[in-house]
Amino acid sequence: MATNYTEHYHDWLRDAHAMEKQAESMLEKMADRLEHYPDLRARIVQHIEETRQQQKLVDQVLARNNISTSTLKDAMGKLSAMGQAIGGMMTPDEVVKGAISGYVFEHFEIACYTSLISAAEMAGDHEGAAIFKQIREQEIAMADWCQTHLPDVTQQFLSRSAQPHTEAKR
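None of the values given here were measured: they were computed from a predicted structure.

The rules behind the values
Residues numbered from 1 in each chain as written. Predicted model: local features only at pLDDT ≥ 70, side-chain atom pairs only at ≥ 80, totals over all residues. Heavy atoms only, no water. Salt bridge = Lys/Arg side-chain N within 4 Å of Asp/Glu carboxyl O. Helix = DSSP H or I, 4+ residues; strand = E, 2+ residues; numbered from the N terminus. Buried < 20%, exposed > 50% of the residue type's maximum accessible area, 1.4 Å probe, protein only. Core = buried A, V, L, I, M, F, W, Y, C linked by side-chain atoms within 4.5 Å. Contact = heavy atoms within 4.5 Å.

**Some thoughts on the pattern of salt bridges**
A side chain with one charge may pair with a side chain of the opposite charge, provided their charged atoms come close. A complete count under the given rule lists nine salt bridges for this structure. We note a salt bridge from Glu-94 to Arg-33, for which the minimum N-O separation is 2.7 Å. With Glu-94 in helix α4 (residues 94–122) and Arg-33 in helix α1 (residues 5–33), the pair connects residues that are 61 residues apart, well separated along the chain. Arg-33 carries the same exposure label as Glu-94, and that label is buried. Among the ionic pairs, Arg-64 bridges to Asp-125, the shortest N-O distance being 2.9 Å. Here the residue Arg-64 occupies a position in helix α2 (residues 38–64), and Asp-125 occupies one in the loop between α4 and α5 (126–161), the gap between them amounting to 61 residues.

Structure (structure tokens):
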């Protein structure tokens, strides 16, 4: 049985909703644990607010298209974020691994919104496509920030870890 554009688009909208819930959870856990990296923490806190705004925009597109969210997908995204946070806590280089994971996740979001833009256009939801372009630009800005600052985070971690009796991991 063939699935039409709109069915895929609606399913991917639910995925985007779950992805933003996962991003919020992941970013909050990372920001809560950062103690010695104020620039990274400040940018993450800023992106948490952007993520919450993105959630509202995705919710508006869902509501306008009369689509319910997927409780299962939302729960799985949050569970994944929790697993990542717990896994990071077990490593001595948590901040570096977290920064790398954040960079990777931003690119995942960029790819998802790029695909969602095309799906929205094919499904005739041009307003949705415009919203997803706006969100994608924020994700690109965050990915660029991560790439630019990853060397600094790494160097700060290495410097802190070389000092005796100094907390470096977070």
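So, next bit.
**Here we look at the nonpolar core**
If you look at the biggest cluster of nonpolar residues, it comprises 21 residues, and the most contacted ones within it are Tyr-9, Leu-13, Val-58, Tyr-113, Leu-116, Phe-132 and Ile-135. Secondary structure elements with two or more residues in this core: α1, α2, α4 and α5. Setting aside anything within four residues of it in sequence, one finds Phe-132 in contact with Tyr-9, Leu-13, Val-58, Val-61, Tyr-113, Leu-116, Ile-117 and Ala-120. One finds Leu-27, Ala-31, Tyr-37 and Val-96 within the second-largest nonpolar core, a separate group that totals 14 residues.

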